[in-house]
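Breakdown of the fold
Listed below are the residues making up each chain.
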Amino acid sequence: MTDFYAVIGNPIEHSKSPVIHHAFAQSTHQDIQYERVLAPLDGFAEAVHGLIAHGFKGANVTVPFKLEAFAMANRLTSRAQDAGAVNTLIFDAEGIIGDNTDGVGLVRDITHNIGVSFAGKRVLLIGAGGASEGVLHPILAEHPALLIITNRTMDKALNMVKRIEANDEMLFVSIQAYAFDDLHGQHFDIVINATSAGLSDSHLPLPAGIFAPNALAYDMMYGRITPFMGLALQQGAVVFGGLGMLIEQAAEAFTVWRGIRPSTAPVIAMFIQQAKA
Ligand code: ATR
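Residues numbered from 1 in each chain as written. Predicted model: local features only at pLDDT ≥ 70, side-chain atom pairs only at ≥ 80, totals over all residues. Heavy atoms only, no water.

1. Quick word on the domain arrangement of the chain
Taken domain by domain, the chain comprises domain 1 (3-100) and domain 2 (103-243). Here the C-alpha centroids of domain 1 and domain 2 sit 27 Å apart. Contacts between the two partners involve 5 residues from domain 1, matched on the other side by 6 residues from domain 2. Both sides together, the interface formed by domain 1 and domain 2 hides about 460 Å², and carbon and sulfur atoms give 52% of it. There are 0 salt bridges connecting domain 1 and domain 2. (Domains from an automatic or database assignment. Contact = heavy atoms within 4.5 Å. Buried area = accessible area lost by both parts, 1.4 Å probe. Salt bridge = Lys/Arg side-chain N within 4 Å of Asp/Glu carboxyl O.)

See the structure below:
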């Protein structure tokens, strides 16, 4: 019996998720089909109910529906609650479970694939939108020495810090909000770009010298060299795009659905190979 899954978004035609999940299914001998579903901007709930009616077992959710998916789920995992957004839905007899695998995907890519630990490090998180919120708790759970959030709109960064400070479980981390201009003289071991600035090839006004020697610069966008990555390369950082995160968040969703963890290295290698061809 084939089990059916989908990724719902708008736009969706360029999603790599079907290729990734079919590769996982092949390597783990799981009988699944995984489809792209284009939902109208006002038709997310209808699309989800349509999948449930057709017997689908789950779905991934991408832009711009992660908040709607959060609102729609009957039950939320703690990591979805922390993120305030849902990228993975599980359909069962009692309804819709909402999960979030984005943060775990980022952390896994950095710690397992790239081999850089957050523990005791100075970390800069750029951006205070949904992508940044989604990775905040999983990064803090890795016990960096310091986490600074910087954002063009300062209030949003301050609000993220306030929410963490109100959460007793997170008091072990030093977390602060800085304006871009205030970063002069600071340096970081790990710099993560969670803004969407790269989509429009916009430059972030980051001061020179923010990268400590051998710093990791990670852009959560994939498939292009963003101005942030260009700047980081010029300044001698080790630079990665978000391909590994994309594949790791998918692997985590696959594990939740199927109860078996696929190897991600061959799939990451396949995409790197395709990009070179
Ligand atoms: P996402 O879900 O991708 O995070 P979002 O919630 O709209 O999308 O957030 C986009 C993030 O990218 C925000 O941090 C935004 O900064 P503002 O909060 O000031 O809007 C940031 N961003 C987008 N374009 C940017 C640019 N050209 N320069 C700096 N920051 C930018």
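2. Concerning the side chain of Q186
With respect to the helices and strands, Q186 occurs in the loop between strand 9 (174-178) and strand 10 (188-193). Judged by relative accessible area, Q186 falls into the buried class, the value being 17%. A polar atom in the side chain of Q186 sits 2.6 Å from the side chain of R122. (Helix = DSSP H or I, 4+ residues; strand = E, 2+ residues; numbered from the N terminus. Buried < 20%, exposed > 50% of the residue type's maximum accessible area, 1.4 Å probe, protein only. Polar contact = N/O pair within 3.5 Å; in protein donor to acceptor, adjacent residues only side chain to side chain.)

3. Quick look at the nonpolar core
Formed by 28 residues in total, the largest nonpolar core has its most connected members in L106, L136, I139, L147 and I192. Mapped by element, the contributors of at least two residues to this core are helix 5 (102-114), strand 7 (122-126), helix 6 (130-140), strand 8 (146-150), helix 7 (154-165), strand 9, strand 10 and strand 11 (211-219). Among residues more than four places away in sequence, those in contact with L147 are V123, L125, L136, I139, L140, S174, I175 and Q176. Membership of the second largest hydrophobic core comes to 22 residues, among which are I20, A23, F24 and A25. (Core = buried A, V, L, I, M, F, W, Y, C linked by side-chain atoms within 4.5 Å.)

4. As for the sheet that holds strand 12 (residues 238-240)
Across the sheet, 6 strands lie side by side as 9-8-7-10-11-12; this open sheet has parallel pairing. The open sheet has two edge strands with one neighbour each: strand 9 and strand 12. The average undirected angle you get between the axes of adjacent strands in this sheet is 15 degrees. In terms of strand pairing, strand 7 meets strand 8 through 5 bridges, oriented parallel. What sits directly across from R122, in strand 8, is L146. Sheet strands touched by helix 7: strand 8 and strand 9. Its angle to strand 9, the strand with the most contacts, is close to 165 degrees. (Pairing = 2+ DSSP bridges. Axes fitted to C-alpha atoms, helices over the stretch in contact; angles between N-to-C directions.)

5. Description of the site of the ligand
Near the ligand you find 14 residues, and of these A131, N151, R152, T153 and K156 are the closest. Between the ligand and T153, the relevant distance is 2.5 Å, taken from an oxygen atom to a side-chain nitrogen or oxygen of the residue. A distance of 2.6 Å separates an oxygen atom of the ligand from a polar side-chain atom of K156. Looking at side-chain class alone, the shell around the ligand contains 4 nonpolar, 8 polar and 2 charged residues. (Near = heavy atom within 4 Å. Nonpolar A, V, L, I, M, F, W, Y, C, P; charged D, E, K, R; others polar.)

6. A short note on the sheet that holds strand 1 (residues 3-9)
Sheet strands line up and pair through hydrogen bonds in the backbone, either parallel or antiparallel. Taking strand neighbours across the sheet as the criterion, the 6 strands line up as 2-1-3-5-6-4 in an open arrangement whose pairing is mixed. Here the strands that pair on one side only, and so sit at the sheet edges, are strand 2 (32-38) and strand 4 (75-76). Helix 1 (residues 17-28) rests against strand 1, strand 2 and strand 3 (58-61) of the sheet, and its axis sits at about 170 degrees to strand 2.

7. A word on helix 2 (residues 44-53)
Owing to its 3.6 residues per turn, the α-helix aligns residues three or four sequence positions apart on the same side. Among all positions of helix 2, only F44, A47, V48 and L51 are buried. Taken around the axis of helix 2, the buried residues stretch over an arc of 100 degrees, which confines them to a single face. Exposed residues lying more than 90 degrees from the buried face of helix 2 are E46 and A53. Contacts from the buried residues of helix 2 go to strand 1, strand 2, strand 3, helix 3 (66-72), strand 5 (88-92) and strand 6 (95-99). (Arc of directions from axis to C-beta.)

8. Topic: the pattern of salt bridges
This structure, assessed with the given rule, holds 11 salt bridges. A salt bridge links E252 to R79, with the nearest nitrogen and oxygen atoms 2.9 Å apart. Highlighted residues: E252 in helix 9 (residues 243-258) and R79 in helix 4 (residues 78-83), separated in sequence by 173 residues. On the basis of relative accessibility, which here comes to 9%, the residue E252 falls in the buried class.

9. Quick word on the pairing of strand 10
Most of strand 10 is tucked away: 5 of the 6 residues are buried. Pairing analysis gives 4 bridges linking strand 7 to strand 10, with the strands arranged parallel. When the sheet's bridge partners are listed, L124 is paired in strand 10 with V191.

10. Thoughts on the environment of F271
Considering the arrangement of structural elements, one finds F271 in helix 10 (residues 265-276). For F271, a relative accessible area of 8% gives the class buried. Sequence separation between F271 and R163 is 108 residues, and the spatial gap between their C-alpha atoms is 37 Å. Dropping the residues within four chain positions of it, F271 is found in contact with K16, V19, I20, L243 and I247.

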